[in-house]
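Residue-level structure breakdown
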Amino acid sequence: MPAEVVLIKHPLVQHKLTIMRLVETNTQDFRRLLKEISMLLAYEVTRDLPLKFESIQTPLAEMEAPMLAADKKMVIVSILRAGQGLLDGMIELIPTAKVGHIGLYREPTTLMAIEYYFKLPPDVEQRDMLVVDPMLATGNSAVAAVDRLKEANPASIKFVCLLAAPEGIEHFHEQHPDVPIFTAAIDEGLDSHGYIIPGLGDAGDRLYGTK
Ligand code: URA
């Protein structure tokens, strides 16, 4: 299967992302915009969900109406901590999804991902998994997260981010060519500290006002 990258070019997503990138955008606006974008990303990422038809009664007539076939069969895994910003909007749009968390931090000198937390719901084998992290930079955290999550054997995995660096996409798909990446933008590259250029800075700090 060819490694898939889906670029979400919707004008609302692109406009909101530009406002998020602005150096003067404050924490409150950054958080709100990330939540709004995450709903739009969830809309795109769930395009292929199967539907079933059920007999329903409207005030005027009976009809065969479409409903999600696997309504209760999703799990969203947030890569802590910036993943929480994408998770918030997604669970509003998909309220029946279960949620998992994986805590990874970047060791500042090697930029390698170190795991400090891992919690999944029990029935992951029957669920389609969305792994969310706003920034796909070196790809080290995303690769480490998906390595670990594949041990739980979910029905499928998609990786959802806001911004990706070409280096991160390449590294991720070398290791996980079967996992499609959904992103709102592919930026120029990485700086020497592993930050995406032009990017939007540190997503966690901008989301929580920690810097
Ligand atoms: N993580 C971030 O928050 N920002 C980057 O640019 C890269 C990784």
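Look up a bit, the structure's there.
What comes next concerns the included structure. The model shown is predicted, which means the values in this text are computed figures rather than measured ones.

A few words now on the packing of aromatic side chains. Under the definition given, this model contains two aromatic pairs. Consider the rings of Tyr-105 and Tyr-116, whose centres lie 6.3 Å apart with planes at 35 degrees: the pair is tilted. With Tyr-105 in strand β5 (residues 98–106) and Tyr-116 in strand β6 (residues 113–119), this pair connects stretches of sequence that are 11 residues apart. Here Tyr-116 falls in the partly exposed class, since its relative accessible area comes to 47%. Look at Phe-159 and Phe-172: their rings are 5.2 Å apart centre to centre, the planes differ by 40 degrees, and that puts the pair in the tilted class.

Every regular strand shows the same layout, with side chains that alternate between the two sheet faces. Judged from the six bridges that link them, strand β4 (residues 74–80) and β5 form a sheet pairing that is parallel. Considered in β5, the bridge of Val-77 is made with Gly-100. Bridge count for β5 against β6 is six bridges, and the pairing is antiparallel. Bridge assignment links Arg-106 to a residue of β6, and that residue is Ala-113. The loop that links β5 with its antiparallel partner β6 comprises six residues; one of these, Leu-111, has a positive phi angle of about 65 degrees.

In this structure, Leu-41, Leu-162 and Leu-200 are the most contacted members of the largest nonpolar core, which totals 34 residues. Those elements that provide at least two residues to this core are α1 (11–21), α2 (27–45), β4, α3 (83–93), β7 (128–132) and α6 (203–208). The element that contributes the greatest number of residues to this core is α2, accounting for seven residues. Excluding anything up to four places from it in sequence, Leu-41 contacts Ile-8, Val-13, Leu-86, Met-90, Val-160, Cys-161 and Leu-162. Counting residues in hydrophobic clusters, the runner-up holds 24 residues, among them Leu-104, Val-131, Val-143 and Cys-161.

Take a nonpolar patch on the surface next. Where nonpolar side chains cluster on the molecular surface, the patch consists of Tyr-105, Met-112, Ile-114, Tyr-116 and Tyr-117 and spans about 500 Å² of accessible area. Ranked by the residues each element gives to the nonpolar patch, the list is headed by β6, at three residues.

Next up on the list: the pattern of salt bridges. Overall, the coordinates contain 13 salt bridges when judged by the stated rule. Notably, a salt bridge pairs Lys-16 with Glu-36, separated by 2.6 Å at the nearest N-O pair. With Lys-16 in helix α1 and Glu-36 in helix α2, the pair connects residues that are 20 residues apart, well separated along the chain. Linked by salt bridges that have partners in common, Lys-16, Asp-29, Arg-32 and Glu-36 make up one network.

With that settled, the discussion passes to the site of the ligand. Every residue close to the ligand is listed here: Arg-106, Met-135, Ala-137, Gly-194, Tyr-195, Ile-196, Gly-201, Asp-202 and Ala-203. In the model, a nitrogen atom of the ligand is placed 2.8 Å from a nitrogen or oxygen of the Gly-201 main chain. In the model, an oxygen atom of the ligand is placed 2.7 Å from a nitrogen or oxygen of the Ala-203 main chain. Its residues placed into classes, the shell around the ligand shows five nonpolar, two polar and two charged.

The rules behind each value
- Residues numbered from 1 in each chain as written.
- Predicted model: local features only at pLDDT ≥ 70, side-chain atom pairs only at ≥ 80, totals over all residues.
- Heavy atoms only, no water.
- Phe/Tyr/Trp six-rings, centres within 6.5 Å; stacked < 30°, edge-to-face > 60°.
- Helix = DSSP H or I, 4+ residues; strand = E, 2+ residues; numbered from the N terminus.
- Buried < 20%, exposed > 50% of the residue type's maximum accessible area, 1.4 Å probe, protein only.
- Pairing = 2+ DSSP bridges.
- Core = buried A, V, L, I, M, F, W, Y, C linked by side-chain atoms within 4.5 Å.
- Contact = heavy atoms within 4.5 Å.
- Patch = residues over 30% accessible without salt bridge, like charges linked within 9 Å, V, L, I, M, F, W, Y side chains within 5 Å.
- Areas by Shrake-Rupley, 256 points an atom, 1.4 Å probe, with all protein chains shown as cover.
- Salt bridge = Lys/Arg side-chain N within 4 Å of Asp/Glu carboxyl O.
- Near = heavy atom within 4 Å.
- Polar contact = N/O pair within 3.5 Å; in protein donor to acceptor, adjacent residues only side chain to side chain.
- Nonpolar A, V, L, I, M, F, W, Y, C, P; charged D, E, K, R; others polar.

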